[in-house]
Amino acid sequence: MSTVVASRVTRRYGERTVLDGLDLEIERGEFVALLGKSGCGKTTLLRALAGLDPVDGGTLEVPERRTVVFQEHRLLPWWKVWRNVAIGLPRATARARAQSALEEVGLDKHADAWPVTLSGGEAQRVALARALVREPELLLLDEPFAALDALTRLRMHGLVRDLTTRHRPAVLLVTHDVDEAILLADRVLTMRDGRIAAAHEVASEARDRGSAPFAALRHALLGELGVVEPLEHA
Ligand SMILES: Nc1ncnc2c1ncn2[C@@H]1O[C@H](COP(=O)(O)OP(=O)(O)OP(=O)(O)O)[C@@H](O)[C@H]1O
């Protein structure tokens, strides 16, 4: 069963058509990564799915319980960490639920800290806890690791994989990082001319960075993105 069904979605900014009859389905519990050249409309699609921006045409079916993690953590500086996680939760259980979400991202000891005292990676883990505490059916990730250093990013990949395997939301990850897309997603999509141009299922062998399937998929994706020439006999 699909959690997300986008059908013939269009979005225009003035003369420019950014989404042009786009179709997309995401199954329940499926992790989908979306790649595409800068400015091709990835964030526009994600924001439409989040309900943050309208569309001009087509239909969108998305679950009520959906949350977004952005590139920047967007924690409120005047609230302690746990309160940031607990925003909008019923008061009686807020602290306990926030605490357990923070435990899941390894930050329960920071529950009473102020956001300003956290590192970039820690703040982004709090943002993840804040998203997951709501038990979303759809988790939208808009380049959430892009601003992190390489080592922290790798740790975040492991964490996100663990968390999504445990909670099983449908996930749409917008990223520029081809390796990240392959390592995290069940399916990698590329976007071009306002539509999904290609879809690749990721075989479990391809999640090994040293493997031939990883290299082949990486090359195919970079070819689709116009970064390398496609292999003639791929
Ligand atoms: N509010 C807006 N008003 C006018 N044009 C916009 C607006 N938001 C986005 N655009 C344009 O729509 C196009 C798609 O933008 P979008 O942010 O969705 O691309 P993207 O694929 O996420 O890019 P990037 O990878 O660089 O983040 C761009 O050309 C952008 O300039």
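Residues numbered from 1 in each chain as written. Predicted model: local features only at pLDDT ≥ 70, side-chain atom pairs only at ≥ 80, totals over all residues.

Looking at this model, I keep getting lost on the site of the ligand. Mind explaining?
In the vicinity of the ligand, the contacting residues are Tyr13, Val18, Gly36, Ser38, Gly39, Cys40, Gly41, Lys42, Thr43 and Thr44. A total of 3 residues in the shell around the ligand trace back to one element, the largest contributor, which is helix 1 (residues 42–50). Here the shell around the ligand is composed, by residue class, of 3 nonpolar, 6 polar and 1 charged. (Near = placed C-beta within 6 Å. Helix = DSSP H or I, 4+ residues; strand = E, 2+ residues; numbered from the N terminus. Nonpolar A, V, L, I, M, F, W, Y, C, P; charged D, E, K, R; others polar.)

What is the right way to read the pairing of strand 2 (residues 16–27) from this model?
Here strand 1 (residues 2–13) runs beside strand 2; their pairing, made up of 9 bridges, is antiparallel. When the bridges of strand 2 are listed, Val9 appears paired with Leu22. Hairpin connection between strand 1 and strand 2: a loop of 2 residues separates the two successive antiparallel strands, and Gly14 in this loop has a positive phi of roughly 60°. (Pairing = 2+ DSSP bridges.)

Sorry if this is basic, but what is going on with the sheet that holds strand 2 here?
The strands making up a sheet associate through backbone hydrogen bonding, with each pair oriented either parallel or antiparallel. Spatial ordering of the open sheet is given by 2-1-4, a layout of 3 strands whose pairing is antiparallel. The sheet is open, and its two borders are formed by strand 2 and strand 4 (57–61), each paired with just one other strand. Taking the axes of each pair of neighbouring strands and ignoring which way they run, one obtains an average angle of 15° across the sheet. (Axes fitted to C-alpha atoms, helices over the stretch in contact; angles between N-to-C directions.)

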